[in-house]
Structure formats: C-alpha cells, structure tokens
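# Breakdown of the fold
Given next are the chains, with one letter for each unit.
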Amino acid sequence: MTAAPELAPGGCLTACRGESAFGLPELCATQNAIFEHAGRAIVLTDPAGTILYFNRAAQQMLGYSWEEVTRQASPLLFHCPEEIAREAAALSAKLQRPVAPGFEVFVADLDADSRQDRDWIYVHKNGRRFPVNLAISVLRDATGQVFGYLGIASDISERCRMEQDLRIAAIAFESQAAIMVTDAEQSILRVNQAFSALTGYSAEEAIGQTPRLLKSGRQGPEFYLAMWNALSQNGHWEGEIWNRRKNGEIFPEWLTISAVPDAQGQVANYVSTFSDISDLKVAESEIHHLAFYDPLTTLPNRRLLLNRLDKAGAAGKRNGQYSALLIIDIDHFKTLNDTLGHDVGDRLLIEVASRLRRSVREGDTAARLGGDEFVVMLEALGSDVDWAAIQAETVAEKIRATLCEPYCLQGDAEHFRSASIGISLFCGQEKSADVLLKQADIALYKAKDAGRNAIRFFDTAMQTALDERAGLEADLRRALSRGEFVLYVQPQVDAERQLTGVETLLRWQPAGKPLVPPGDFIPLAEETGLIVPIGLWVLDLACANLARWARDERTRGLTMAVNVSARQFRQADFVRQVTDALARHGANPCRLKLELTESLLLDNVDEVVAKMQALRTLGVRFSLDDFGTGYASLAYLKRYPFEQLKIDRSFVRDITRDGDAAAIVRAVLAMGDTLRLGVVAEGVEENTQYAYLAEHGCRFFQGYLFGRPMSFVTFESQLDLLPAAAADLPDNWEI
Ligand code: C2E
Ligand code: MG
Ligand code: MG
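Here the structure is a predicted model, which means the values were calculated and not measured.

### What about the confidence of the model for the protein chain?
When the pLDDT values of the protein chain are averaged, the result is 87; 93% of them are 70 or greater. Note that pLDDT drops below 50 for residues 1–22; the model gives that stretch 40 contacts with residues more than four away or on any other chain. Long-range and interchain partners of residues 723–735, a stretch whose pLDDT sits below 50, account for 38 contacts in this model, where long-range means more than four residues apart.

Here's what the structure looks like:
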C-alpha cells in the first residue's frame, strides 16, 4: 500500500522523491508546475479510475476542491449519470459484452494509440451541466503496463452555442421568405431557395450580380434615394416594391433590408428579405371594393360618399369653393319593383347608375345610398353661392332629363321613369355630413311634394321647419312617459241621429305649450316609429274604455273606432297586439272598429288581407278612412274585408257648393250600396249637408253637427241628456 501523496497548500500534488503516489511515477516540480498552469482541466486516475490528481483549472471548472475529489471514483462524481448509462448501453451492444456504467465506459474502447477524444457533459458541483471536450490518454510504463489515465478537458459551451446558432441560421435562411445577402458594394453573395422560386433566378445566376437584376422600372430614382437614405441613417428599410421576375413578370413584394456592420461598425453586408404580396394586394383591393362600393351598381357606397364629403368639406374650407349634394330618388320605383319583380328593378338601378356616372365630371361623385336613393356630389362650384346654385341646378336638370329617357329593361318594351332631386349647397365643414344629407333629403321631399319629377333646393325656410321638427321630435319622444297624451272621442250617429258609436281621436298636450293637433305630430310619429308605442297606448286605452262601457247600459251597444296608422299595422305582431289589448281588459272585439287609410292598401296586399281576416274572425271590424283622397279603387276594395267606408270630409264640406264633390259623394254612396259597405260621412257641420247626404242614401254621420271631439268624461256626462234617439243630441257637443 502506498502512502497518500503529500498535498501542497494550493491543493496540488507536490513533487515527491522516490516512490510516487498510488504507484504513479513521481512528478517533478517542473511537471507539476506545467500541469497546474496548463489552462485546461487535468485529471489523473489510477487504472481503476480513482482520481489521483485534479489540477487548479479542473477545480475551477467543476467547483470541487482537491480534498473533495482525490481518491474519489471517476466518472460518477462530475460526469452526467444519464450520459454514462447511455454510453454503457451502447458499448455493451457494440462489444457484445456487458459494460458497467462506470469508469469502464472510458477505457473499454480506447483506440489503438490509446487515446480517446470526444465530447461529454460535465456536472458542476452546483448542478449546472455543460459540454466539455475530453481527451483521455492511457499512461504506460516502460514495460507497457498501464499505470493510470490522463484526462484533459476543456469547456466547449461557447462553441456549442455557436454551432447551434449556425444551425438555426441555416434553417432560417431556407425559410419561406426570399433572402438575398450582398456585400457592401451590393454584389450578391448568397440567395436562398425561396429567392430562386420567387424570382426565377438560380443561386448561380444571381450570385455576383447586383439587386438591379430584379429592377422593374416602376419606381423612380427618388424612391431608391429615399430607401438608401433610410438605410444609411437607420440601417434598416422596409416597404412595398415592384420587382421583375426572370420571366419578365412584374410583381409586388414586401421588402425588408438590414445593413450588417462588421466588427469596426462599417457596413459589411446587406440582408434583404422579401415575399410576394400579389395575393395580398388582390385581397386588399377586393376588400376595399366591398367596403366602399355598392355591389349592384359598382357606384361608391354611403361610406365612401361620407369619406369624400369630408374631403370636399376640408377642401372648401381651404379654397372657399362651394360643393353641392344632390339626392336623387326614382319616382315610384317601389311600384315597378313590386309589379315587374326585383330583377327588373335591379336592371333599372344599374342603368340609372350608369346614366349618373355619365352625367358628372371626373372628380365628382355619383354614389348609391341604398334602395333607389342615389347621391351626386359636385365639387369646386366656385366661391359665389348664386353661381354655385346655378351650376348645381344645371347638372341636376341634366340628370333629371337623362333619367327620364326610356329604359329597356325587359324585352322590347320601353319603360319610363322620372326622378325627384333635392339639393343642398355647402362650403367648408360647418355642417356635418349627416346634416347635409338630411337637408338634401328635405329638399327632396319638397320636390316630391311638388308632384315629383322636380328639383328643389334646401333653403332657410326649410331649415326653420327642420329645427322645429327636431324640437318637436325630441318632445314627442318624451310625451308618452310624461303622460301628455289624451284620448278624445267624437260621436257617430245614424240617419235618425241616434248615437251608434264614437271615433277615438288623439290629443297631445305638451307641458306649458299649446295643444298640438294630430295632423302636426302623427306624420312625425310615423316617420320616427314612435307611432308604434303611441298606437299601442291608444289601443289599450280604447279597449279599457270599451270594457268599462260594457258594464253601462247606456254605452253597452256603442262601437269604438280606433285610428291605426300604416306603420303600426305593418308591425309583424299587430294582430297579437290587438288581441292582447282586448284580452287584457276583457273587451268585446265586436265593438272595436279599426280605421285604416288607403295608403296601407297599396303594398303587400296578401299580408294586409291576412291580418285583417285574422282580426275579422275575432269579430273586430274595419273601416276605410278618408275614402276618396287616395288611390283606392273598386278593384282594390273588393279584396279587403272592410265593413265600412268613410267619405273624406273634404267632399262633404263642398257638397252643397261644388257639383263635382256632390257627384263623388253620390258615387261613393252608390258604390257602398253595391259592395254592401256601410258609408259614414265625415265632417258634417251643417244641416244642409246632413239633409243632402241622407237624401242620397247615407246612413251614418260624424261631424261637428252632432258633436265635436271631447274627453270621455264630457262624453259620458252628456249621455244622460240623450234621449233614446240621437236626433235629440245637442247640436254642439263642445267641451
Ligand atoms: P280622421 O281619422 O279622418 O279623423 C277625423 C278628423 O276630422 C278629426 O281630426 C276630427 O276632429 C275632424 N272632424 C270631425 N268632424 C269634423 C267637422 O265637422 N269639421 C271639421 N272641420 N273637422 C271635423 P283630428 O282629431 O284633428 O285628427 C286628424 C287625424 O289624425 C285623424 O283623421 C287621424 O287620421 C289622425 N289621428 C287622430 N287620432 C289618431 C290615433 O289615435 N292614431 C292614429 N294613427 N291617427 C290618429
Ligand atoms: Mg279616422
Ligand atoms: Mg277621416
């Protein structure tokens, strides 16, 4: 047994005289110094792998002190156990004999010149793993006897990281995007496969050339100047560029160029990455088209118009020039659409669009807002408002005339259409796009009011009306919740002046303001949709009173007529609204009469008839209000289950003075007779009117002569005054 080697204060094997430690030949002082300063980790073991020497570099690399390591068994102390186990398994397979996962792993397969040089994983005392290159040599004495092993290890973490980086870079280089590397003089050094696929140039063809190889000629010198400025200032440029493929095809690409500096900070290379964005551009233009153009007519849509309106406003603000907004509406388009079908309607719209396009200058906009509503915006009409108006009117007149020309929409038949046009002028951005459109819309209504096929300008009188309307609308929105509505009733009598029922008439009393007649707010309520909740309120109150009246023998037999607006009737659940109101109060449906106006009868005949039938089945009756003022014809009337016609009061008013009015009244009475419809004369104010009507067969009457509209309370308080026959009704039932 040999003595343990003497330890130097630094934890080194000292040079000994005579017998060496563990049977190793003695190290002389020089050898020891070389080992200690070798700069590499050096480990000496005996033939069995027991560590005899562990130099300073090894101690630093692995974190173990001399005392912790010497006389310990290698490799398990600082080798990765999984790696040793893997290696043992592999060696067992190779040598066809069991190899233990220990020191044998290193020595079993030492090559002929007794050296093994390969990479391993070491584990630092603190657990950190790192790669090393380990060269193991067999130490033999003069007789060739193995007396130990020398291991020299160096940490190769940095090298491994660089190798990994290179692997990553190689994969990244062959990515989907085309890559081109040039030197500082722009000579192409390398390109990847994607470059060749995209440009058609192989690496051999491209290397040595400059990027001018791909130049399309689409960008001017200023483009390249800006690019090089950015590159020299920021070392980076990216953007869209058109390049040319080998086959001559020009394509858009998204190009990124980065300058790569050398160690001295000088640009050594440029790396360009690019991809073909042709598909993207197509998609982009499709999206743009969908977002900003009307698919049917390909005219700009509302969004693009608003955009251009905004720009025109900004331009006007700068240059003081007027622009004009023309709203164009095809007269009776709906009728054409309903009678000839949507295909024909679409063809008309396409033709209108192309005529509009031809009627305006380049720079002006013809747009379609939806339906049959078109808008033309004329810009740069000069800074004089009168002159701008004249120009706008000239163009509007030209448009009106061109839209009046015949249309060939179906076979050889020619169709004729007219158009109404509303114009609003503007300069700058004082008015929002919404306001401008609304103003042109109001002018359009005026044009329609004037009998259509007309042109109207928006003016200040219209503005005042607009402001008033806006105020009214705001008040109307709050009226229901504030309880400002009151329901009046007006008596209806028979030929013997006997009370048969009432018509309910709505009144609006805004707080602190004069009473608003229904003619002033019902159209507005219709337009805004407020008529729906208002109508429900009326219906509910009428049913509540009907139910109450059923309990009073004086009123039990009276009918209650309720006016129903077209918009209210068109509600999908209108039938349910009526049945609900009746059921809620337990009112008798046979006493309820709904007054509809002729406008309702023009569209969706089947739907209207179906709704009426559904309610008729319950017992609810229908009366056609204001008859004679609209379009209703005999043919129309026969299709609907009306029980009664109401002759409009304009005819009754003139009955004794105007022969035509009297003739119309007589015709209506005759018609009612033929169709077995009861006829009520509205607005009977004088006894002479009453006498004339009665003489010609009219059996029901309503008018100031028999009573004005009044509250339920007043009406009921006067009922007691009534004798059985209504003939004794006081002439004036005013409150
Ligand atoms: P309408 O349904 O034709 O009602 C008859 C109108 O003639 C009432 O006007 C009534 O006060 C008036 N009137 C009756 N007899 C005479 C008369 O002898 N001489 C004159 N000069 N006028 C007479 P009002 O109450 O101003 O109602 C106007 C219109 O407002 C109604 O015409 C109806 O269309 C609508 N309306 C009234 N209440 C409602 C309602 O609750 N719902 C709906 N949707 N519309 C209603
Ligand atoms: Mg009525
Ligand atoms: Mg009426």
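### Overview of the site of ligand 1
The environment of ligand 1 is formed by 21 residues, the closest being Asn563, Asp625, Arg649, Glu685 and Tyr704. A distance of 2.5 Å separates a nitrogen atom of ligand 1 from a polar atom in the side chain of Glu685. At 2.8 Å, a backbone N or O of Tyr704 approaches an oxygen atom of ligand 1. Calculation on ligand 1 without its partners gives an accessible area of 800 Å², and the protein chains cover 84% of this total. Within the residue set of the shell around ligand 1, elements represented by two or more residues are strand E19 (499–508), helix H17 (518–528) and strand E22 (621–627). The dominant element in the shell around ligand 1, judged by the number of residues it contributes, is E19, at four residues.

### Section: the coordination of the magnesium ion (ligand 3)
At the metal site, the magnesium ion (ligand 3) is ligated by Asp625 (OD), Asp626 (OD), Glu682 (OE) and Glu682 (OE), and these contacts range over 2.0 to 2.3 Å. In the primary structure, the donors to the magnesium ion (ligand 3) are separated according to the pattern D-D-x55-E. Between the magnesium ion (ligand 3) and the magnesium ion (ligand 2), both coordinated by Asp625, there is a metal-metal distance of 4.0 Å. Separated by 56 residues along the polypeptide, Asp626 in strand E22 and Glu682 in the loop between strand E24 (678–681) and helix H25 (687–695) bring together distant segments of the chain. Asp626 sits in the partly exposed class, given a relative accessible area of 25%.

### A few points about the side chain of Glu473
Examined against the element boundaries, Glu473 turns out to sit in helix H16 (residues 460–479). Judged by relative accessible area, which is 18%, Glu473 ranks as buried. Sequence-distant contacts of Glu473, that is, excluding residues within four places in its chain, are made with Leu524 and Thr528.

### As for the pattern of salt bridges
Between side chains of opposite charge, a pair can form when the charged atoms approach closely. Within this structure, the stated rule accounts for 35 salt bridges. Here Glu351 and Arg355 are joined by a salt bridge, their closest N and O atoms 2.9 Å apart. Separated by four residues within a single helix, Glu351 and Arg355 lie in helix H13 (residues 342–359), roughly one turn from each other. Glu351 sits in the partly exposed class, given a relative accessible area of 27%. Between Asp580 and Arg576 there is a salt bridge whose closest N-O contact spans 2.9 Å. Of this pair, Asp580 and Arg576 are both found in helix H20 (residues 574–585), four residues apart, which corresponds to roughly one turn of the helix.

### Here's the deal with the environment of Leu436
Topologically, Leu436 is positioned in helix H15 (residues 433–449). Each C-alpha atom of the pair Leu436 and Val344 lies 31 Å from the other, and the pair is 92 residues apart in sequence. Apart from residues lying up to four places away in sequence, Leu436 is in contact with Leu309, Leu325, Ser424, Leu425, Phe426 and Lys431.

Analysis parameters
Residues numbered from 1 in each chain as written. Chains lettered and ligands numbered in written order. Predicted model: local features only at pLDDT ≥ 70, side-chain atom pairs only at ≥ 80, totals over all residues. Heavy atoms only, no water. pLDDT = per-residue confidence, 0-100. Contact = heavy atoms within 4.5 Å. Near = heavy atom within 4 Å. Polar contact = N/O pair within 3.5 Å; in protein donor to acceptor, adjacent residues only side chain to side chain. Areas by Shrake-Rupley, 256 points an atom, 1.4 Å probe, with all protein chains shown as cover. Helix = DSSP H or I, 4+ residues; strand = E, 2+ residues; numbered from the N terminus. Donors = N, O, S within 2.8 Å, 3.2 Å for Na, K, Ca; no water. Buried < 20%, exposed > 50% of the residue type's maximum accessible area, 1.4 Å probe, protein only. Salt bridge = Lys/Arg side-chain N within 4 Å of Asp/Glu carboxyl O.

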